[in-house]
Amino acid sequence: MENSALNIVVLVKYVPDTQFDRHLTGENHLLDRSESILSEMDEYALEAALVLSDARGGAKAGNNVTALTLGPAAAAAAVKKSLQIGATAGLHISDDALAGSDASATSLALAAAIRTLGPVDLVITGMASTDGETSIVPAQLAARLGLPQVTFASSLEVEGTTVTARRDGDDVSEEIQATLPALVSVTDQANEPRYPNFKGILAAKKKKVTTLSLAEIGVPADAVGLAGSKTTVTAAAERPARTAGVIITDSGDAGIQLVDFLAAQKLI
Amino acid sequence: MSAIVVFIDQVDAPGKLHAIHHQLLTLARGAGEPVAVVAGAVSAELAAELGAYGVTRVLASEQAELGEFLVAPKADLVAQAAAAVSASAVLVDNGAQGKEIAARVGVALDAGVITDAVALTYDGGALVAHKSVLAGSYTVQARATSAVAVISVKSHSVEASLAEQAGAPAVEVITVAFAPASLGARVTKRTPRAASGRPELEDARIVVAGGRGVDGDFGPVEELADVLGAAVGASRAAADAGWISHAAQVGQTGKKVSPQLYISVGISGAIQQKAGMQTSKLIVAVNKDSDSPIFEIADFGIVGDLFKVLPQAVEEIKRRRA
Ligand SMILES: Cc1cc2nc3c(=O)[nH]c(=O)nc-3n(C[C@H](O)[C@H](O)[C@H](O)COP(=O)(O)OP(=O)(O)OC[C@H]3O[C@@H](n4cnc5c(N)ncnc54)[C@H](O)[C@@H]3O)c2cc1C
Ligand SMILES: Nc1ncnc2c1ncn2[C@@H]1O[C@H](COP(=O)(O)O)[C@@H](O)[C@H]1O
C-alpha cells in the first residue's frame, strides 16, 4: 500500500528534572518548574514520529513532525530540544493564565492548539508525564479531538492509513488497529530514542517555532489555569526523605543476618 | 443520598468481583448510594455479590462494542450511566484502563478527574482523595470542584466490608450511544499472559525484585519470594533483557508498589527504579557494590553476592520453620 507523507504532532512536556528534589510551593501547592527539561518519556513519542517520518523520506518528502508544548516561557527549551533531535517545527502555547492547569484544562488547551494546525494524521504523546504522571491527558485529548485512542503502545506501525499497535497489559497483550487520523501514546518499550547530534543542533536554529497565547488558540482564560481546573489540591505534605539504615558487608553469614532482620520486623 | 457509580468490568473476566471492586463498593457505600455500572453480563451470583456490598441499583450493558474496541466504549457506558443516575462521583480502579476511563468520563461530564488515590475521606460532603505525588516525595489531598468527581483508586485504599444488610439489586439494561470515534481503535487480537501463581505485585505484602545483577537467573529471587509468600518484581534492565515479563517491572514506567517490605536484589537503584518503590515501608537491598545508590534508601543493606546471600537466607528460613 502507498505510504504517503504524514503530518504528525508530538506532545512534549517541560518537566522538572527527576534527578533533583522536586517541590510544591505556594498556597495552591503548585510544582516549582525552575530546573526543568523535556520529559524523558516524551522522547519515545518523538522517536516514534521520527521513525515514521524517516521511513517516508523525512521532511524532504513532505513529512511534518511538529513538537507541541504547553507551559511557561522556559518550556520553549523542550521544543528546542525536540527540533535538535529532529522535529521539523515547533509550537509553544504560553500564557500566564495557564499556570496551575490540571489535566482537563491542559487537554482542553492542547486540543485547541492542535486544531490550529489543520488536518493532522497522527498525534503522538508519551505514556505519562514525569511530573503529573496521570496518563490522562492522551485519553482526554483523543476524546476532545474525536480521534481513535491507541494508548500505551509498546510497538507502533503505520501502513497506508492503518495504525497497528501492541498494548501490553497485566493479564493480556492486545493488538490494536485504527485508521488515520488517530492519537497514539507510546511506552518506553516502543523504541530507543536518538540523541541530538551536531548537525541536528545546527539545523534546529533554522527551524520555525510559533508561540501562541490563549487568545490566539481561541481558549478563554477562565477555562484554564487555577480558575478553569476542575480539581484542586487542598493540602500537601513533604514526606521525610528516606535515610540509609544499617549496611553490613557479607562475611559469610549475611543471609542469616537478613533472616534475623526479617524476624525482628515480624515479617517471618 | 446521591448516587456513587462504581465501574465493574466483566468483559474480560466475567463471573466474579475482584478485591478492588469490593473495596470500591465499600468506599461508595460510605459516600452515598452505591450504583454498579457493569460492562458485560450480570449473572445471578454477581447480582447477589453486589447486593451483599450494599448495591441497590445495577446498570449493565452487554453491547459487543464494549469488548471489541479499546477503552472508549466503556467510558461512554460509564459517562452515560452516571448521567442517568445523576451520580455525584464515579469510582474506577487505577489500572491503565481504569485511569483512561476516568479521563474520558471527565471530559464527557465536564468533571474533575483525580488518579492514583490511596484513600478517600469526606469533608463537608465532598470526597477528598489522598495521593502520593512526585515519586512519593509528597502526599497531597485533592478534590474535584465540579458537580461530579471522577476518581481512580489504588488497591488497598480501604478494608473491604459487607453491607449490614444485603440487598437484591435491580438490574437495569442500559443501551449506550457510542460516539463514532469511540469505535475507532479495534482490538484485533488478545494474547493472555500465563499466570505466575504468585501474589500480584500491587497487592503483595512483600516484594522481592531482581535486577541486572541476577545475570539471567531469577531462581534465587523466586525461591526467596516463595518462602516469603512474596511477589516477584524486576528492574527495567532485567525485563529488557528478557529474563522476566515486563509486567513485573517496578518503577517510573512499571508498577508503583508500597509493600510492607521490598527486597531489592542486584538492582543499582536508578531514580526511575526508586520512583516505583521508595514508598515501601521497609527496604532491604542486596548488592555487591557498596557504592550503589540503593544503599542510600535501604533500611537494611547487605554488600554481598546475591547468589550466596539469597540461598543462605532461604535455607535459614526453612530451618527455622522446620
Ligand atoms: C524513561 C525511562 C524509564 C525508566 N523506567 C524504569 C522503571 O520503571 N524501572 C526501572 O527499574 N528502571 C527504569 N529505567 C531504567 C533505569 O534508569 C536503570 O537503567 C535501571 O533501573 C537499571 O537496572 P538495574 O539496577 O537492574 O541494572 P544496573 O544499573 O546495571 O545495576 C545492576 C546492579 O547489580 C549489582 N550486581 C551485579 N552482580 C551482582 C551479584 N552477583 N550480587 C549482588 N549484586 C550484583 C551491581 O552492583 C549493580 O548495582 C528507566 C529509564 C528511562 C530512561
Ligand atoms: N503541558 C503539556 N505540554 C505538552 N504535552 C503534554 C503536556 N501535558 C501532558 N502532555 C502529554 O501527555 C502525556 C501524558 O501526560 P500526563 O497525562 O500528564 O501523564 C505526556 O507524556 C505528554 O506527551
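Conventions and cut-offs
Residue positions are counted from 1 within each chain, in the order its sequence is given. Lettering of chains starts at A and numbering of ligands starts at 1, both following the order in which they are written. In view of the model being predicted, local features appear only for residues whose pLDDT reaches at least 70, and side-chain atom pairs are presented and counted only at 80 or more, with totals across whole chains, interfaces and linings using the full set of residues. Only hydrogens and water are set aside; all other atoms, that is, all heavy atoms of the structure, feed into the side-chain values. Helix and strand assignments come from DSSP, with helices taken as H or I runs of at least 4 residues and strands as E runs of at least 2, each series counted from the N terminus. The globule rule used here is 2.2 Å times the number of residues to the 0.38 power, and the radius of gyration it is set against is calculated over C-alpha atoms. The cut-offs for exposure are 20% and 50% of the maximum accessible area for each residue type, with area from a 1.4 Å probe on protein chains only; residues under the lower value are buried, those over the upper are exposed, and the others partly exposed. Here, two residues are considered to be in contact whenever any of their heavy atoms come within 4.5 Å of each other. Only the protein chains shown count as cover for residues, and the accessible areas themselves come from Shrake-Rupley with a 1.4 Å probe. One bridge is not enough; two strands pair if DSSP finds at least two bridges between them. Here an angle of 0 to 180 degrees is reported between the N-to-C directions of two axes, which are lines fitted to C-alpha atoms, with helices fitted over the stretch in contact. The criterion for a residue being near a molecule or strand is simple. One of its heavy atoms has to lie within 4 Å of it. By the criterion applied in these results, polar contacts are pairs of N or O atoms within 3.5 Å in which, for protein atoms, one can donate a hydrogen and the other can accept it, and in which residues neighboring in sequence qualify only through two side-chain atoms. Under the grouping applied here, Gly and all other residues not named as nonpolar or charged are polar, the nonpolar ones being Ala, Val, Leu, Ile, Met, Phe, Trp, Tyr, Cys and Pro and the charged ones Asp, Glu, Lys and Arg. Excluding any residue in a salt bridge, patches collect residues exceeding 30% relative accessible area, merging like charges within 9 Å and nonpolar Val, Leu, Ile, Met, Phe, Trp and Tyr side chains within 5 Å. The working definition used for a salt bridge is a side-chain nitrogen of Lys or Arg within 4 Å of a carboxyl oxygen of Asp or Glu. Counted as positive: Lys and Arg. Counted as negative: Asp and Glu. His and the chain ends are not counted at all. Positions of charges follow a simple convention, taking NZ of Lys, CZ of Arg, CG of Asp or CD of Glu. The predictor attaches a confidence to each residue, called pLDDT, with possible values from 0 through 100. For classification, angles of less than 35 degrees are called roughly parallel, those exceeding 145 degrees roughly antiparallel, those between 65 and 115 degrees roughly perpendicular, and all remaining angles oblique. Handedness of a crossing is defined here by the sense of rotation of the near helix relative to the far one, left-handed for an anticlockwise turn of less than a right angle and right-handed for a clockwise turn. We define buried area as the total accessible area lost by two parts upon association, computed with a 1.4 Å probe and summed across both.

## Considerations on the overall build of chain B
Then comes step 1: Looking only at helices and strands, one finds 9 helices and 15 strands in chain B.
Then comes step 2: Computed over the C-alpha atoms, the radius of gyration of chain B is 22 Å, within 12% of the 20 Å expected from 2.2 N^0.38 for a compact globule of 322 residues.
Then comes step 3: For the C-alpha atoms alone, the extent of chain B along its principal axes is close to 60 × 45 × 40 Å.
Then comes step 4: The burial tally for chain B puts 56% of its 322 residues in the buried class.
Then comes step 5: Here the analysis covers contacts within chain B between residues at least 6 apart in sequence; of these, 64% occur between residues at least 24 apart.
Then comes step 6: For chain B, the accessible surface area stands at approximately 12400 Å², while carbon and sulfur atoms represent 50% of it.

## Notes on the overall build of chain A
Then comes step 1: Along chain A, the regular secondary structure elements total 8 helices and 16 strands.
Then comes step 2: Considering only C-alpha atoms, chain A reaches an extent of 65 × 45 × 40 Å along its principal axes.
Then comes step 3: Within chain A, the fraction of its 268 residues that count as buried is 51%.
Then comes step 4: In chain A, 71% of the contacts between residues at least 6 apart in sequence involve partners at least 24 apart.

## Focus: the sheet that holds strand E15 (residues 231–238) of chain A
Then comes step 1: Overall, mixed pairing links the 10 strands, which are arranged E15(A)-E7(B)-E6(B)-E5(B)-E8(B)-E4(B)-E1(B)-E2(B)-E3(B)-E9(B) in an open sheet. Looking at the sheet topology across the chains shown, the edges are occupied by E15 of chain A together with strand E9 (170–173) of chain B. Averaged over all pairs of adjacent strands, the angle between strand axes in this sheet comes to 35°, irrespective of strand direction.
Then comes step 2: As paired strands, strand E5 (residues 112–123) of chain B and strand E8 (residues 149–153) of chain B are joined by 4 bridges and run parallel to one another. Bridge pairing in E8(B) links B:Ile114 to B:Ile151.
Then comes step 3: On the sheet, helix H5 (residues 96–109) of chain B packs against strand E1 (3–9), strand E4 (89–93), E5 and E8 of chain B and is oriented at approximately 155° with respect to E4(B).

## Regarding the site of ligand 2
Residue and element names in this part refer to chain A.
Then comes step 1: Taken together, 19 residues lie around ligand 2, and Asp42, Leu70, Ser129, Ser135 and Val137 are the ones closest in.
Then comes step 2: A distance of 3.1 Å is found between an oxygen atom of ligand 2 and a backbone nitrogen or oxygen belonging to Gly126.
Then comes step 3: Notes on ligand 2: free accessible area 480 Å², of which the protein chains cover 98%.
Then comes step 4: The element that contributes the greatest number of residues to the shell around ligand 2 is strand E6 (residues 64–70), accounting for 3 residues.
Then comes step 5: A class-by-class count of the residues in the shell around ligand 2 yields 9 nonpolar, 7 polar and 3 charged.

## Description of a negative patch on the surface
Then comes step 1: A cluster of acidic side chains, namely A:Asp171, B:Glu200, B:Glu202 and B:Asp203, defines a negative patch on the protein surface.
Then comes step 2: Topologically, B:Asp203 is positioned in the loop between strand E10 (186–192) and strand E11 (206–210).
Then comes step 3: A relative accessible area of 36% means that B:Asp203 is categorised as partly exposed.

## A short note on helix H2 (residues 76–85) of chain A
Then comes step 1: Restricting attention to buried positions, one finds in H2(A) the residues A:Ala78, A:Val79, A:Ser82, A:Leu83, A:Gln84 and A:Ile85.
Then comes step 2: Taken from the residues just after H2(A), A:Gly86 is the one with a positive phi, measuring 150°.

## A short note on unusual backbone geometry
Then comes step 1: In this structure, the amide linkage connecting A:Leu180 to the following residue, A:Pro181, adopts the cis form with an omega of -5°.
Then comes step 2: As for its placement among the helices and strands, A:Pro181 is situated in the loop between strand E12 (172–179) and strand E13 (182–186).
Then comes step 3: Although it is not a glycine, B:Asp215 sits at a positive phi angle of roughly 55°.
Then comes step 4: Note that B:Asp215 resides in the loop between E11 and helix H6 (219–228).

## Details of the site of ligand 1
Then comes step 1: Taken together, 29 residues are adjacent to ligand 1, and B:Arg212, B:Ser235, B:Ser268, B:Gln272 and B:Asn287 come closest.
Then comes step 2: In this structure, ligand 1 is bordered by residues of chains A and B.
Then comes step 3: Between ligand 1 and B:Gly254 there is a distance of 3.4 Å, counted from an oxygen atom to a backbone nitrogen or oxygen.
Then comes step 4: Contact between ligand 1 and B:Ser292: an oxygen atom at 3.0 Å from a side-chain N or O atom of the residue.

## Some points on the side chain of B:Asn94
Residues and elements named next belong to chain B.
Then comes step 1: Its location among the elements puts Asn94 in the loop between E4 and H5.
Then comes step 2: There is a polar contact of 2.9 Å between the side chain of Asn94 and the side chain of Asp116.
Then comes step 3: A distance of 2.6 Å separates polar atoms of two side chains, one belonging to Asn94 and the other to Ser152.
Then comes step 4: Here Asn94 is in contact with Lys99, Thr115, Asp116, Ser152, Val153 and Lys154, once residues within four sequence places are set aside.

## Thoughts on the confidence of the model for chain B
Then comes step 1: Residues of chain B with pLDDT of at least 70 account for 100%, and the chain-wide mean is 96.
Then comes step 2: With pTM at 0.96, the complex prediction returns an ipTM value of 0.95.

## Focus on the packing of helix H4 (residues 72–84) of chain B against H5(B)
Residues and elements named next belong to chain B.
Then comes step 1: At a minimum axis distance of 8 Å, the contact between H4 and H5 shows a crossing angle of 50°. Relative to H5, the element H4 is oriented oblique. Relative to H5, the crossing made by H4 is right-handed. Residues Ala72, Lys74, Ala75, Val78, Ala79, Ala82 and Ala83 of H4 form the contact with H5, whose participating residues are Gln97, Ile101, Arg104, Val105, Ala108 and Leu109.
Then comes step 2: When its residues are assigned to classes, the contact of H4 with H5 shows 10 nonpolar, 1 polar and 2 charged.

## With respect to the sheet that holds strand E9 (residues 149–153) of chain A
Residue and element names in this part refer to chain A.
Then comes step 1: Spatial ordering of the open sheet is given by E9-E13-E8-E1-E6-E7-E14, a layout of 7 strands whose pairing is parallel. Looking at which strands have only one partner, the edges of the open sheet turn out to be E9 and strand E14 (208–212). Neighbour-to-neighbour, the strand axes of this sheet turn through a mean angle of 20°, independent of strand direction.
Then comes step 2: Packing of helix H3 (residues 103–115) onto the sheet brings it into contact with strand E1 (7–11), E6, strand E7 (89–93) and strand E8 (122–126), and relative to E6 it is tilted by some 145°.

## Overview of the interface of chain B and chain A
Then comes step 1: The interface is formed by 84 residues belonging to chain B together with 78 residues belonging to chain A.
Then comes step 2: Interface area for chain B against chain A, summed over the two sides, is near 7000 Å², with a carbon-plus-sulfur share of 55%.
Then comes step 3: Interface area lost by chain B to chain A is led by B:Leu134, B:Tyr138 and B:Phe300, which between them contribute 10%.
Then comes step 4: The tally of links from chain B across to chain A stands at 8 salt bridges.
Then comes step 5: Residues A:Glu174 and B:Arg190 are paired through a salt bridge, measuring 3.3 Å at the closest nitrogen-oxygen approach.

## Examining the packing of helix H8 (residues 254–264) of chain A against helix H9 (residues 306–321) of chain B
Then comes step 1: Contact pair H8(A) / H9(B): the axes reach a minimum separation of 7 Å and the direction vectors enclose 55°. With respect to each other, H8(A) and H9(B) are oriented oblique. Note that H8(A) runs across H9(B); the crossing there is right-handed. Only B:Val309, B:Gln312, B:Ala313, B:Glu316, B:Ile317 and B:Arg320 of H9(B) make contact with H8(A), whose side of the interface consists of A:Ala254, A:Gly255, A:Ile256, A:Leu258, A:Val259, A:Asp260 and A:Ala263.
Then comes step 2: Among the residues making up the contact of H8(A) with H9(B), the classes are represented as 8 nonpolar, 2 polar and 3 charged.

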